[in-house]
Amino acid sequence: SSRVSAERLKASGITDGLSFAFRQLSAGGGPKKIAERVEGELKQRYGAELSGPELEKKAQAELLAAMEAQLASEGVDVKGVTNVMEEVSRRNRELFALPPYVLYVARAFSTLEG
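Residues numbered from 1 in each chain as written. Predicted model: local features only at pLDDT ≥ 70, side-chain atom pairs only at ≥ 80, totals over all residues. Heavy atoms only, no water.

Trainee: Sorry, what's going on with the overall build of the chain here?
Mentor: Across its full length, the chain holds six helices and zero strands. Going from the N terminus to the C terminus, the chain shows its helices and strands as α-α-α-α-α-α. Burial analysis of the chain (114 residues in total) assigns 12% to the buried set. Partitioning the contacts of the chain with sequence separation of at least 6, the portion at a separation of at least 24 is 34%. (Helix = DSSP H or I, 4+ residues; strand = E, 2+ residues; numbered from the N terminus. Buried < 20%, exposed > 50% of the residue type's maximum accessible area, 1.4 Å probe, protein only. Contact = heavy atoms within 4.5 Å.)

Trainee: In this structure, what is going on with a nonpolar patch on the surface? I would like to understand it.
Mentor: The grouping of Ile14, Leu18, Phe22 and Leu25 at the surface amounts to a nonpolar patch, some 420 Å² of accessible area in total. Of note, Leu18 is situated in helix α2 (residues 14–26). For Leu18, a relative accessible area of 43% gives the class partly exposed. (Patch = residues over 30% accessible without salt bridge, like charges linked within 9 Å, V, L, I, M, F, W, Y side chains within 5 Å. Areas by Shrake-Rupley, 256 points an atom, 1.4 Å probe, with all protein chains shown as cover. Salt bridge = Lys/Arg side-chain N within 4 Å of Asp/Glu carboxyl O.)

Trainee: Mind showing me how you'd approach the confidence of the model for the chain here?
Mentor: Should the pLDDT be low somewhere, the predicted coordinates at that spot are not to be read in detail. The predicted model of the chain has a mean per-residue pLDDT of 76, with 73% of residues at 70 or higher. Within the chain, helix α5 (residues 78–91) has the poorest average pLDDT of any element, 69, and helix α3 (residues 30–46) the best, 89. (pLDDT = per-residue confidence, 0-100.)

Trainee: Which parts of the structure should I look at to understand the pattern of salt bridges?
Mentor: Two side chains with opposite charge may pair up if their charged atoms get near one another. Inspection of every chain in the model, using the stated rule, returns four salt bridges. A salt bridge links Glu36 to Lys33; the nearest nitrogen and oxygen atoms lie 3.7 Å apart. Separated by three residues within a single helix, Glu36 and Lys33 lie in helix α3, roughly one turn from each other.

Trainee: Please explain the packing of α2 against α3 as it appears in this structure.
Mentor: Axes are the key here: two packed helices are described by the angle between their axes and the distance separating the axes. One can describe the packing of α2 onto α3 by two numbers: an axis separation of 9 Å at closest approach and a directional angle of 130 degrees. When the axis of α2 is compared with that of α3, the two are oblique. Of the two possible hands of crossing, α2 and α3 adopt the one that is right-handed. Within the contact between the two elements, α2 uses Phe20, Arg23, Gln24 and Leu25 and α3 uses Ile34, Arg37, Val38 and Glu41. Tallied by class, the residues present in the contact of α2 with α3 amount to four nonpolar, one polar and three charged. (Axes fitted to C-alpha atoms, helices over the stretch in contact; angles between N-to-C directions. Parallel < 35°, antiparallel > 145°, perpendicular 65-115°, else oblique. Left-handed = near helix turned anticlockwise from the far one by under 90°. Nonpolar A, V, L, I, M, F, W, Y, C, P; charged D, E, K, R; others polar.)

Trainee: Before we go on, may I ask you to explain the environment of Gly28 in this structure?
Mentor: Relative to the assigned elements, Gly28 resides in the loop between α2 and α3. Judged by its relative accessible area of 26%, Gly28 falls in the partly exposed class.

Trainee: So what exactly am I meant to see when it comes to the packing of α3 against helix α4 (residues 52–73) here?
Mentor: In the contact formed by α3 and α4, the axes pass within 10 Å of each other and the chain directions differ by 70 degrees. Viewed along their axes, α3 and α4 adopt a mutual orientation that is roughly perpendicular. Residues Glu39, Leu42, Lys43, Arg45 and Tyr46 of α3 pack against Leu55, Lys58, Ala59 and Glu62 of α4.

Trainee: So what exactly am I meant to see when it comes to the environment of Ile34 here?
Mentor: Summarising the element assignment, Ile34 is placed in helix α3. Taking the relative accessible area as the measure of exposure, Ile34 reaches 21% and is therefore partly exposed. On a C-alpha basis, the gap between Ile34 and Ala21 in space is 9.6 Å, while along the polypeptide they are 13 residues apart. The contact partners of Ile34, leaving out residues within four places of it in the chain, are Gln24, Leu25 and Gly28.

See the structure below:
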């Protein structure tokens, strides 16, 4: 079995997301308070003048850029992966169904990749 090094795990970015989620959960207060804290953090990061939808777009753009950079650093051809997923899904509809959002995200990467 292959082992994942601490460096590779950190480079994947998953630890940042988990850290953020656990930090919000550990502060308590329920969903409403968590939403307020998340919005506060996003306003600190992207600008206090931005509205909710604008903050969401900025956060999504940053996430997509980070994911694209990570994939590029590992030499992953996003368009190739997308084509394989679509073909597997097409050939095995009864066994292998991808949620539509997976293909939308993959197509977005393909567009960004050129």
